[in-house]
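Descriptive analysis of the structure
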Amino acid sequence: MELNYIMCSDRLPEEYVPKYGGGTKRSDWVIVWDTFYGPSIDRLWDGEWQSDIKAREGNFIEPAVCHEKICWAEIPIPDCISPNLFKCPRKE
């Protein structure tokens, strides 16, 4: 299985307002590569990576630690599973 990584400087995952999301925009979960943490799963939440928001609010990362997301890829769904099982309801 090959992942097609996209540089964050080229574009970010598409955000949408879910039907039951309270008006906040978010993207689907994606695999990201961080210069400090390496690979992880994250998503955009109103234009910011959700892990960055949590780290800032929870004081998990010291200010001296410099890191950034450099690329991301969509999480592939195995052929034996229907892709519709994992789609969030989107507002049309």
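Model, not experiment: these values are computed from the prediction. Numbers given to residues run from 1 along each chain, matching the order in which its sequence is written. Totals for whole chains, interfaces and linings use all residues, but because this is a predicted model, local features are given only for residues with pLDDT of at least 70 and pairs of side-chain atoms are given and counted only at 80 or more. Side-chain metrics rest on all non-hydrogen atoms present in the structure, leaving aside hydrogens and water.

**Focus on the state of the cysteines**
What counts is decided by this rule: Cysteine sulfur atoms are paired as a disulfide whenever they come within 2.5 Å of each other.
Applying the stated rule across the entire model yields zero disulfides. Left without a disulfide partner, C8 is nearest to the cysteine sulfur of C71, which lies 6.6 Å away.

**Quick notes on unusual backbone geometry**
Worth spelling out the cut-off: Note on conventions: DSSP H or I runs of at least 4 residues are helices, E runs of at least 2 residues are strands, and numbering of each starts at the N terminus. With a 1.4 Å probe rolled over the protein chains alone, any residue whose accessible area is under 20% of its type maximum counts as buried; one over 50% counts as exposed, and the rest are partly exposed.
In this model, D46 sits at a positive phi of 55°, which is unusual for a non-glycine residue. By secondary structure assignment, the location of D46 is in the loop between β6 (44-45) and β7 (48-49). Classification of D46 by relative accessible area gives partly exposed; the value is 43%.

**A word on the pattern of salt bridges**
Going by this rule: We define a salt bridge as a contact between a side-chain nitrogen of Lys or Arg and a carboxyl oxygen of Asp or Glu at a distance within 4 Å.
Taken as a whole and assessed by the stated rule, the structure comprises three salt bridges. Measuring nitrogen to oxygen at the nearest pair gives 3.9 Å for the salt bridge that ties D42 to K69. With D42 in strand β5 (residues 38-42) and K69 in strand β8 (residues 69-74), this residue pair connects regions lying 27 residues apart in the sequence. For the pair D42 and K69, a shared accessibility class is recorded, and that class is buried. Between K69 and D52 there is a salt bridge; the shortest N-O distance is 2.9 Å. Residue K69 is located in strand β8, and its partner D52 is located in helix α1 (residues 50-58); the two are separated by 17 residues in the primary sequence. A residue is classified by how much of its surface remains accessible, and D52, at 24% relative accessible area, is partly exposed. Each of the salt bridges in this network shares a partner with another, and the network as a whole consists of D34, D42, D52 and K69.

**Considering the sheet that holds strand β4 (residues 30-34)**
Operational definition: DSSP-based pairing: two strands are paired if at least 2 bridges between them are found.
Judged by pairing direction, the sheet is antiparallel, and its four strands sit side by side in the order β1-β8-β4-β5 without closing on themselves. The open sheet is flanked by β1 (6-7) and β5, the only strands paired with a single partner. In this structure, β4 lies alongside β8, joined through five bridges in antiparallel fashion. Bridging from a neighbouring strand, V30 pairs with E74 of β8.

Just distances and angles here, no functional claims.
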